[in-house]
Amino acid sequence: MSKKYSKFETSVIHEGYNAKDMLGSLTTPLFQTSTYTFDTAEQGERRFAGDEDGYIYSRLGNPTVKVLEERIAALENGERGLAFGSGMAAVSAVLVALTKANDHIVCSSGLYGCTFGLLTMMQEKYQVTHDFSQMETSEELRSLIKPETACIYVETPINPTMKLIDLEMVSQVAKEFDIPVVVDNTFSSPYLQRPIELGCDVVIHSATKYIGGHGDVVAGLVVGKKEFLDSVQMTTQKDIGGIISPFDAWLLLRGLKTLPIRLDRHCDNAEKVFEKLRVHPKVANVYYPNDTSHPDYPIREKQMKRGGGVISFEIKGTKQDAQKMLNALSFLKIAVSLGDAETLIEHPATMTHAVIPEEFRRDMRITDQLIRLSVGLEAWEDIWHDLEQALDSI
Ligand SMILES: *Cc1c(COP(=O)(O)O)cnc(C)c1O
């Protein structure tokens, strides 16, 4: 699509919406309707035949959802956006659209637990196989690509170990083989990282996280080339049906307006908490993309505006000590998810990544001592004091 505004901070507020089209309504109206009436039977025929533009039924399109889809496309600098009822509805719609039986997927060595579950299911039911790649060098990545490889699927930063993958390197290798690169950009949001600008083809978000930002919506978004997303819309989205509700699209449009402001605060707070965690005697390792001493730091500088709001750390102790630490928190919330105003803390090995078999979990460096922290928007001093007293209790 052609973007109207060049600056991100203006696009998040205005892109894709024209108040003049909507009786001057400042905010995007909520079209809470399942279906649309036709003036005549012939008009219904023309709409179904695609000879006339206009809405038919909300699984096939909704005006509130359309504003969200145009806005996210502009923010990721892609041609078209599509909204889904969850991040996993978005991931599954894309992967099912890109593959057929007996195809192959190369994926990053760490994956969101349910994405791992989906790949396992696709292997069992449709013999779509996958290989994990460290994606540290182009040689290693190239060596895993087969004639039947349908796509490369990447998460960066990798959840929950915060390892980074060089998206420009991955997209260059993919171009040699003419296969698409799909990036789950949930942890960064388009404010911090825009994979399409680095040569990748499809971007997926769990909009549940930073894009919504307020812990009140489960939703997913996809951005990519118009031709591909038209086909996703008319196949996996229309016929499998994982669409977003208009109200959730409306909430996401509201959340998006403050994305840059929120993200800057998340990053400011995370930088402060990271500095404190790394010198705490009960903390063995801290993983944060903005760690200047980390070997991946040059990738952070190259492709991410800032380090983001998620930090993982390993405590010195056992699984029980990790659980004891979480139980000792006074106001920080034990919860999965991330990107909310509230600081959220969880234990990946027994929560978000519990579905992953132990051997894979070990390869992904998800130990029993690892804790994931989504740094919220509270005063960083309060966040740290609560963490510090909980760490001191073990
Ligand atoms: C949460 C998450 C998902 C899944 O999104 P839902 O909205 O929960 O379906 C996918 N990928 C990443 C990286 C996530 O954090």
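*Asks:* How do you make sense of a nonpolar patch on the surface when you look at a structure like this?
*Replies:* A cluster of nonpolar residues, Ile-334, Val-336 and Met-351, forms a patch on the protein surface that exposes about 230 Å² of accessible area. Looking at where Met-351 falls in the secondary structure, it is placed in the loop between strand 11 (344-346) and helix 14 (358-363).

*Asks:* Whenever I open this one, the pattern of salt bridges confuses me. Can you help?
*Replies:* Opposite charge on two side chains allows them to pair when their charged atoms are near. For the structure on display, the rule yields 21 salt bridges. Between Lys-66 and Glu-70 there is a salt bridge, with its nearest N and O atoms 3.2 Å apart. Placement of the pair is Lys-66 and Glu-70 together in helix 3 (residues 63-76), with a separation of four residues, close to one helical turn. For Lys-66, a relative accessible area of 40% gives the class partly exposed.

*Asks:* Even after reading the chapter, I still don't get the pairing of strand 5 (residues 181-184), so can you show me in this structure?
*Replies:* Working note: regular strand, side chains alternate between the two faces of the sheet. Every second residue of strand 5 is oriented toward a common face, with Val-181 and Val-183 on one face and Val-182 and Asp-184 on the other, all of them buried. Strand direction decides the pairing type here: strand 4 (residues 149-155) and strand 5, joined by four bridges, are parallel. Paired with Glu-155 across the strands is Asp-184, a residue of strand 5. As for the winding sense of the linkage, the β-α-β connection from strand 4 through helix 7 (residues 167-177) to strand 5 is right-handed.

*Asks:* Help me understand the packing of helix 4 (residues 87-98) against helix 9 (residues 226-240), please; the structure alone is not making it clear to me.
*Replies:* When two helices pack together, you describe them by how their axes are tilted relative to each other and by the distance separating the axes. Running from N to C, helix 4 and helix 9 cross one another at 110°; their axes reach a closest spacing of 9 Å. Between helix 4 and helix 9, the angle is such that the two are roughly perpendicular. As for the relative orientation of helix 4 and helix 9, their crossing is right-handed in sense. Along its contact with helix 4, which presents Ala-93, Val-94, Val-96, Ala-97 and Leu-98, the element helix 9 presents Phe-228, Val-232, Thr-236 and Ile-240. For the contact of helix 4 with helix 9, the residue count by class is eight nonpolar, one polar and no charged.

*Asks:* Honestly, the sheet that holds strand 11 in this entry has me stumped. Any pointers?
*Replies:* Hydrogen bonds between backbone groups are what pair the strands of a sheet, and the pairing can be parallel or antiparallel. Spatially, 8-9-12-11-10 is the arrangement adopted by the five strands of the open sheet, whose pairing is mixed. On the outer flanks of this sheet lie strand 8 (283-287) and strand 10 (333-334), each paired with one strand and no other. In the sheet, strand 10 pairs with strand 11 via two bridges, with the strands oriented parallel. Looking across to strand 11, one finds that Ile-334 is bridged to Ile-345.

*Asks:* Would you take a moment to explain the state of the cysteines for this structure?
*Replies:* Two cysteines, two sulfur atoms, one covalent bond between them: this is a disulfide. Here the structure, examined in full by the defined rule, presents zero disulfides. Not engaged in a disulfide, the cysteine Cys-200 finds its nearest cysteine sulfur in Cys-151; these two sulfurs lie 12 Å apart. By relative accessible area, Cys-200 is classed as buried at 4%.

*Asks:* What's the story with the domain arrangement of the chain in this structure? I'm lost.
*Replies:* Quoted interface sizes are often the accessible area lost when the parts come together. Considered domain by domain, the chain is made up of domain 1 (8-30 + 61-256) and domain 2 (259-392). Computed from C-alpha coordinates alone, the two centres of domain 1 and domain 2 are separated by 24 Å. The interface is formed by 39 residues belonging to domain 1 together with 40 residues belonging to domain 2. With both sides pooled, the region where domain 1 packs onto domain 2 buries about 3400 Å², and carbon together with sulfur makes up 64% of that total.

*Asks:* What is the right way to read the nonpolar core from this model?
*Replies:* Of all hydrophobic cores here, the largest spans 41 residues; its most connected members are Leu-68, Ile-211, Leu-221, Ile-244, Leu-252, Leu-259 and Leu-263. The set of elements that each furnish at least two residues to this core consists of helix 1 (8-14), helix 3, helix 8 (189-192), strand 7 (220-224), helix 10 (246-256) and helix 11 (259-277). Ranked by the residues each element gives to this core, the list is headed by helix 3, at six residues. Formed jointly, this core draws a minimum of three residues from each of two domains, domain 1 (8-30 + 61-256) and domain 2 (259-392). Once residues lying within four places of it in the same chain are set aside, the contact partners of Leu-259 are Phe-8, Ser-189, Pro-190, Tyr-191, Tyr-210 and Ile-211.

*Asks:* Looking at this model, I keep getting lost on the site of the ligand. Mind explaining?
*Replies:* The environment of the ligand is formed by Ser-86, Gly-87, Met-88, Tyr-112, Asp-184, Thr-186, Phe-187, Ser-206, Thr-208, Lys-209, Val-218 and Ala-219. Within the backbone of Gly-87, one N or O atom sits 2.8 Å away from an oxygen atom of the ligand. Here Ser-206 contributes a side-chain N or O atom positioned 2.8 Å from an oxygen atom of the ligand. Look at the ligand: alone it shows 380 Å² of surface, and the protein chains cover 92% of it. When the residues that make up the shell around the ligand are grouped by side-chain class, the tally is five nonpolar, five polar and two charged.

*Asks:* Looking at this structure, how should I read the side chain of Asp-248?
*Replies:* Within the fold, Asp-248 resides in helix 10. In this structure, Asp-248 is buried with no salt-bridge partner, the nearest side chain bearing the opposite charge being Arg-254 at 12 Å. Ignoring any residue separated from it by four or fewer positions in sequence, one finds Asp-248 in contact with Val-217 and Val-218.

*Asks:* Is there a simple way to explain helix 7 in this structure?
*Replies:* Residues spaced three or four apart along an α-helix face the same direction, because each turn holds 3.6 residues. Residues of helix 7 that are buried include every one of Leu-167, Met-169, Val-170, Ser-171, Val-173 and Ala-174, and no others. Tucked into the core, helix 7 has its buried residues touching helix 6 (138-144), strand 4, strand 5 and helix 12 (297-303). Measuring from the backbone nitrogen of Glu-168 back to the side-chain oxygen at the start of helix 7 gives 3.1 Å, which picks out Asp-166 as the cap.

*Asks:* What should I look at first to understand the sheet that holds strand 2 (residues 104-108) in this one?
*Replies:* Here seven strands make up an open sheet; going across it, the order is 1-7-6-5-4-2-3 and the pairing mixed. Either end of the sheet is taken by a strand with one partner, and the two such strands are strand 1 (80-84) and strand 3 (129-133). Neighbouring strand axes in the sheet, compared pairwise and without regard to direction, differ in orientation by 20° on average. Relative to strand 4, strand 2 runs parallel, the two sharing four bridges.

Reading the values: the criteria
- Here the residue index of a chain counts from 1 through its sequence in written order.
- With the structure being a predicted model, the display of local features is reserved for residues of pLDDT at least 70 and the display and counting of side-chain atom pairs for 80 or more, all residues being used for whole-chain, interface and lining totals.
- As a rule here, side-chain values come from all non-hydrogen atoms in the structure, and water together with hydrogens is ignored.
- By definition, no residue in a patch forms a salt bridge, and every one has over 30% relative accessible area; like charges are joined within 9 Å, nonpolar side chains (Val, Leu, Ile, Met, Phe, Trp, Tyr) within 5 Å.
- The method behind every accessible area is Shrake-Rupley, applied with a 1.4 Å probe, and residues are considered shielded solely by the protein chains displayed.
- Salt-bridge detection follows one rule: a side-chain nitrogen of Lys or Arg within 4 Å of a carboxyl oxygen of Asp or Glu.
- The helix count covers DSSP runs of H or I at least four residues long, the strand count covers runs of E at least two residues long, and both are numbered beginning at the N terminus.
- Only protein chains enter the area calculation, which uses a 1.4 Å probe; residues under 20% of their type maximum are buried, those over 50% are exposed, and those in between are partly exposed.
- We call two strands paired when DSSP finds no fewer than two bridges between them.
- Crossovers are marked right-handed if the path from the first strand over the helix to the second runs clockwise, as seen with the strands pointing away from the viewer.
- A fitted line through C-alpha atoms represents every axis, and for helices the fit uses only the stretch in contact; the resulting angles, taken between N-to-C directions, go from 0 to 180 degrees.
- Throughout this description, any angle smaller than 35 degrees is read as roughly parallel, any larger than 145 degrees as roughly antiparallel, any in the 65 to 115 degree range as roughly perpendicular, and the remainder as oblique.
- Working rule for handedness: look at the near helix, and if it is turned counterclockwise from the far one by less than a right angle, call the crossing left-handed; if clockwise, right-handed.
- Throughout, a contact is declared for two residues whenever any of their heavy atoms are within 4.5 Å.
- Ten residue types, Ala, Val, Leu, Ile, Met, Phe, Trp, Tyr, Cys and Pro, are classed as nonpolar, four, Asp, Glu, Lys and Arg, as charged, and the remainder, Gly among them, as polar.
- Here, two cysteine sulfur atoms that lie within 2.5 Å of each other are counted as a disulfide.
- Annotation comment: domain bounds sourced from an automatic or database domain assignment.
- By buried area we mean how much accessible surface two parts lose on assembly, using a 1.4 Å probe and totalling the loss over both.
- We define a nonpolar core as any set of buried Ala, Val, Leu, Ile, Met, Phe, Trp, Tyr and Cys residues linked to one another through side-chain atoms lying within 4.5 Å.
- The cutoff for a nearby residue is simple: one of its non-hydrogen atoms must lie within 4 Å of the molecule or strand.
- As used in this structure description, the phrase polar contact means that two N or O atoms lie within 3.5 Å; if the pair is within protein, one of them must be able to donate a hydrogen and the other to accept it, and residues adjacent in sequence are counted only when both atoms belong to side chains.
- Lys and Arg are tallied as positive, Asp and Glu as negative. Neither His nor the chain termini are counted.

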